[in-house]
Each structure stands twice: as C-alpha cells, then as structure tokens.
Amino acid sequence: MSRVGRWVSEHVVMVIALLVLCYMFLPIFFVVLMSFNAPTSRLNYEFQAFTWDNWLNPCAPAGMCESVVKSIEIGFLATVFATILGTLVAFALVRHRFRGRAGTSLLIFLPMATPEVVMGSSLLALFTTAGLAGTLGFWSILVAHIMFCLSFVVVTVKARLAGLDSRFEQAAMDLYANEWQTFWRVTFPLVFPGILAAALLAFSLSFDDFIVTNFNHGNTITFPMFVWGANQRGIPPQVNVIGTVMFAIALLLVLSGGVLQRRRER
Amino acid sequence: MADGRSAGADLTLTGVTKRFGGFAAVDDLDLEVASGQFFALLGPSGCGKTTTLRMVAGLEEPTAGTITIGGDDIGRLKPYKRPVNTVFQNYALFPHLNIFENVAFGLRRRGVKDVKSQVDDMLELVELGGYAKRRPAQLSGGQQQRVALARALINRPQVLLLDEPLGALDLKLRRQMQIELKRIQTEVGITFIHVTHDQEEAMTMADTVAVMNKGVIEQMGAPADLYDNPATTFVSNFLGQSNLVKASILDTHGDALVVDVQGTRIAAPVARARRTDGQVWVGVRPEKVFLGAAGVEEGSYDDNVLPSGTVTDVSFIGVSTQYLVKMPWGQELTVFEQNTGAREQFRVGDKVDLHWVAAHTFLLDADQDAHAGDETYAALSGAPTA
Ligand SMILES: Nc1ncnc2c1ncn2[C@@H]1O[C@H](COP(=O)(O)OP(=O)(O)OP(=O)(O)O)[C@@H](O)[C@H]1O
Ligand SMILES: [Mg+2]
C-alpha cells in the first residue's frame, strides 16, 4: 500500500467528517462572501468585486430594514407567548394526571405533522371565514406563528421535564421549601435549559417562516417576504449582510452558552 | 417545630399501612423509637423500608395509621412542616447548586442567620472543607454521600432519616463512614433512623435493630438479642447464618427443654424457645459449634452433641475454616471453626461429632419455612428472597 493510501485509511473518519463539515458550511461561507459583493447588474449571483459598501449601508434597499424589524418584533412576541403557553402545557402534561392527557399529548404533535403549505392556506380560509380577510397583517402573522411554535415548545420542554427526577423536588420539600419555593429554587432552574432551547427554536422558526406567513401577511412585509419579493427584481447584497449578522449572533449565543456552562462547572 | 431543634425526639408509628393499589408495601406497622436512639431498619430489597421512611418524611401518605414525633401527630403535615430530614437513597443533591448552596438550602428556607459559618462548620465536620464551590457531579460517590448527610444534618432535625446512605460506597469507605456516622450521632444526640440491608452495618451501628420483611417487622431489639435469640426463621437466616434442624420437644426440665433431634436428645433453654411443645426447628449458629472426631469426648459433659456426621467440604478463609458436615438424615450443617491453631483440622470424608453449649440453642416454630430470609439459598435455588 502506498504511504498516501495508508494515511487515508488511518484518517478516514476524520476525512469524512471534514467533507461533511464542508458540505454544511460551504453555503454559509457563500452567504458571507456575497455580502461583500459589488454586483455590476441587478443579479447578485456571481462574485464580481469586493466592497465594504453593503456593510456600511445595510439599510440601503428600500423597506429591507423595516422588514427585519418587523420580523424581529413578531419573532420576539411569538417566542414569548409560545414559550410561556408551551411550558405551562408541558408541565400540565408531565406533572398532572387528568382525563384526556394521553389524547392531548398526541394532538400536540399534529401541527408539526401537518404540511406547512396546507396549514397556511387553511389558516387563510379560517381567517376569511371569520370575516377577518381585510385585517390580515401583523396580528394574523403573530397568531399563526404562536400556533405553530407552540408544538415545538411543548415537545422540547416536555422532554426535559420528563427526564427530571422528582426526587430533587422531594428533597427540596424535605428541606423546608414550600411548593412555591420548590418550583422557583429547584424545578425551574433544572428545566430552564429546556425552556431556553425551546425559546431559541421558536424564535428561529418564526423569524424564518415564509410559507404560513405568505398566506396570511396581508400588507405586512416580514424579512422572508421581503427577500421573496426582491427576488423578482434581483436580491440586493444587503440581504446577505443580514444573513451574516444573524449567523454571527447565533454563533455568539452558542459560544457564550458554552463558556458559561464551563465556568459554572469549574 | 422551632423549639427542641437541637435534640432528638421520640418517633412512634401506630398501625401504619401503605397500599399501592391492592399491594400492601407496609402492613400495619407499629414502631417506637426513643429519643436520641440510633435505630436501624433492616430488611431485604422491596420489604418496605423506603416506603416507611417516606411516610415519616411526608413524601408518601399512609393509607392508615398515625405517626407522631415527640407526641405530636405529624401524619397529615406537609413535608416542609415536619421536624424531619432525609438522606435519600440516591442522595438527590441539587445538580444546579454547588456544595455550599446544597448544604445551605434548608437554612436559607428557614431564614436562619449566619448561614456561612454554619455551612462551613458542617462541611468541616464531614471533611469536605475545600469542596464548597464544586458541583455535585464533580464529587466521588463517597463525597456526595457526605454532602447529602451534611445537607440534612445541618438542620438539626428531631429525627434524621437515612435511606441506605452508605449503599454506594466500597467496603473500606463504608466502614469509615459507619464510624463517622456513629460518632456524629453520639455528638448531636439526634434520633437516627438508619435503613440498610447490610446486617453487619445494622448490628455494629444501632442501639436497636428492627428486622423487616414483606411490610411487617419480624423482630425488634438490641443487636445481640436479635442475633442470639431470633424469633423467626427469617430473622435467624437474615441476621447471620443458622443451622436449623427439624426436631420435636419431649419434655421440660426446669428451665430447659428436652428435644429429640433425629433420634438424639439435646437440651435447649426455655428462654430461647418460641414453642414449648410439638414440632420445632432446633437452631444453632455455625460459629457456636465445634467439631470433634467421632465418638471422642469433647468439651463439657452437658454440651449438646449431634453424632456421626461426615465432612463434605472444607473451605479455609483465613481467620476461620468453614466445614460442611453431612448428617445421617441427609442434611448438611455448617460449622465455623476459628483458626486458633489449638484445634484439630478435619478433611473431607472424616467422621465427626458436632458439639455446642446447650445455652446457645434456640427453638423456632416448625411451621415456618427453614429457608426464609436465607439469601444464598434463594440465589442458588432461584426461589424469590423472603
Ligand atoms: N409508588 C409505588 N407504586 C407502587 N408500588 C410501589 C411504589 N413504591 C414502592 N412500591 C412497592 O412497595 C414495595 C416496597 O418498596 P420500598 O421502596 O419501600 O422497598 P425497600 O425496602 O426500600 O427496598 P430496597 O432495599 O430495594 O430499597 C416494593 O415491592 C415496591 O415495588
Ligand atoms: Mg429503599
């Protein structure tokens, strides 16, 4: 066997891992790369020349920054409502015995299983039937987003809660903590990572959502709607700036979470 | 609950029953533990020890019966209203809090002042002074166990419940912690209820041992009493080992009973007889028996002798030698001889007589299963324990 062959066979797992990582990160690399592009035509599909312009004037394309703000507003509100409601549902499902519990657990999965296109169009039909067709906009988007985020929150928090040993709570009660103190001192901190994960998931689902929003947005333009609209004319490179910033924020969150975790464990 | 925090208090359980569905995990249990006692609850797995403790702690509601501490009925109080703390079977240390905060938890909930100095003292007591800032997951099993102990003990409860707190430790650390626990208990004078299924641990540590089986207490008393004078076959097998031989009572002579053991007459004290007529199990502990060559006079003239055994197995285990001796009626009896060097060693196939001091004989009801509580027998025969 040649030396190269031996090297490959010894490092085959690493090589495959690297290839997979490339496969995952190449598109992201392109998002970042194109944010520095100075397109000569309206089409931003080919890297032509390097420029800082897009980063210096991120709000240059008309309406883009407004759409980002709108998406953040909706994402934030949807996250807050879905997380609170979903956490409460999860607690009820895991901690209380009531009639219809098993059925509820099952039904919670339905919105996740329904194709989004069908969900979106049916939601429009629902709003229209209810006579709300003329008022579609910010609130209809928000209501729709809370609805589909809810299942994901419930499932995420439920998993964390089901894995929580009830003996910690019993130990707290044994150590003079009443029900209220037991919840805030023991249960909540232990379930919190699950709630946080659920909230992040909800935000990214809402911020990203195109399909359901597309049916129910009225005249309100969210960031995905803006990009879709811009695509008809040619996507401005500032969209990539927004994409890169979002990516950087996500990365920062994950990294600081890791650092925090390590510091706590020390 | 505020007063008397520094000393222990009496604990009584009267007719306490706990049913899970139709199954009685604890069945009409009566228990009385005097203030400041080290009380051990001993029994095989699943006999209801944890359930009993949980009812005292308030984590499980009794189906029936009353529980009092220092005379007050606490049976319906919430767990956080009871002057009781628990060292849980699996420690249940709060994983999100460091060691200091784990130990401080009870004090903070009660709004006690000078938390810092008390916690530091307590960590010092369990020799974990330098570990205050660590998380439970970063400690060894033995260290976690000591944190669990400190976390409960710092509250100076009137009754401390310990649910197999040493179960996860290796033998050496276990012995060390047993001594430590005993020392702490003597120092603070709190009533300890110590659950274990290690009989040696129960006997070395406790003032009173209760042997529990299938939700009921079989026998309760000082360790030596239980060992020397077991009330049931279960206790005789679960606490140490016993030779039990089928026999029938012939006669009474003053404070001794004359018993026919497979054709041989022996004597047994009335004080150790659970039956004084009819069919019995004659019991004697293996270490109380000594072997002599067949037909040779040994020991005192009024010793009990079972003649004509054949040695079938000899295992040398350092301090002693364990013999299995097959008797004429087919039963194999166990004999432990101390390796003093002064006594004759026997080999497989030797003919021997079994001798023991008559006062060491106990008599049990023949209606009971001779193998009850015998864990090796259960393991070998595949029969369920108890
Ligand atoms: N919540 C419950 N539901 C139903 N059965 C239970 C419950 N808790 C305990 N049991 C049953 O009650 C019996 C006694 O259980 P318990 O935990 O008190 O045993 P234990 O003596 O502590 O055993 P171990 O030495 O293994 O800890 C067992 O047969 C157990 O299966
Ligand atoms: Mg137990």
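Residues numbered from 1 in each chain as written. Chains lettered and ligands numbered in written order. Predicted model: local features only at pLDDT ≥ 70, side-chain atom pairs only at ≥ 80, totals over all residues. Heavy atoms only, no water.

- As annotated in an unreviewed UniProt entry, chain B carries the name Spermidine/putrescine import ATP-binding protein PotA and is attributed to Nocardioides iriomotensis.
- Recorded in UniProt for chain B, the comment headed Sequence similarities (unreviewed entry) runs: "Belongs to the ABC transporter superfamily. Spermidine/putrescine importer (TC 3.A.1.11.1) family."
- The annotation that UniProt attaches to chain B under Catalytic activity (unreviewed entry) is "ATP + H2O + polyamine-[polyamine-binding protein]Side 1 = ADP + phosphate + polyamineSide 2 + [polyamine-binding protein]Side 1." (UniProt positions renumbered as here; feature names shortened; annotations may be inferred.)

- Chain A carries the name ABC transporter permease in an unreviewed UniProt entry, which gives Nocardioides iriomotensis as its organism.
- Regarding chain A, the relevant UniProt record gives this comment under Subcellular location (unreviewed entry): "Cell membrane".
- Per UniProt, the comment on chain A under Sequence similarities (unreviewed entry) is "Belongs to the binding-protein-dependent transport system permease family. CysTW subfamily."

## A few points about the state of the cysteines
Residues and elements named next belong to chain A.
In step 1: Applying the stated criterion to the full structure yields 1 disulfide over all chains.
In step 2: Two residues, C59 and C65, share a disulfide whose sulfurs are 1.9 Å apart. In this structure the cystine formed by C59 and C65 twists about its S-S bond by roughly -95°; its chirality is therefore left-handed.
In step 3: Residue C59 is classed as partly exposed on the basis of its relative accessible area, which comes to 46%.
In step 4: Look at C65 and you get buried, because its relative accessible area is 17%. (Disulfide = S-S within 2.5 Å. Buried < 20%, exposed > 50% of the residue type's maximum accessible area, 1.4 Å probe, protein only.)

## Digging into the UniProt feature "transmembrane region" (unreviewed entry) in chain A
Residues and elements named next belong to chain A.
In step 1: Annotation from UniProt places "transmembrane region" (unreviewed entry) at residues 12-36, 74-94, 106-130, 136-161, 182-205 and 241-260.
In step 2: Across residues 12-36, the secondary structure splits into 92% helix and 0% strand, with the terminal C-alpha atoms separated by 35 Å.
In step 3: The straight-line gap between the two end C-alpha atoms of residues 241-260 is 28 Å; of that span, 100% is helix and 0% is strand. (Helix = DSSP H or I, 4+ residues; strand = E, 2+ residues; numbered from the N terminus.)

## Side note on the coordination of the magnesium ion (ligand 2)
In step 1: For the magnesium ion (ligand 2), every protein donor is listed as T50 of chain B (OG1) and Q89 of chain B (OE1), and the spread of their distances is 1.8 to 2.6 Å. Of this pair, T50 of chain B sits in helix 1 (residues 49-57) while Q89 of chain B sits in the loop between strand 6 (84-87) and helix 2 (99-109), and the two are 39 residues apart along the sequence. (Donors = N, O, S within 2.8 Å, 3.2 Å for Na, K, Ca; no water.)

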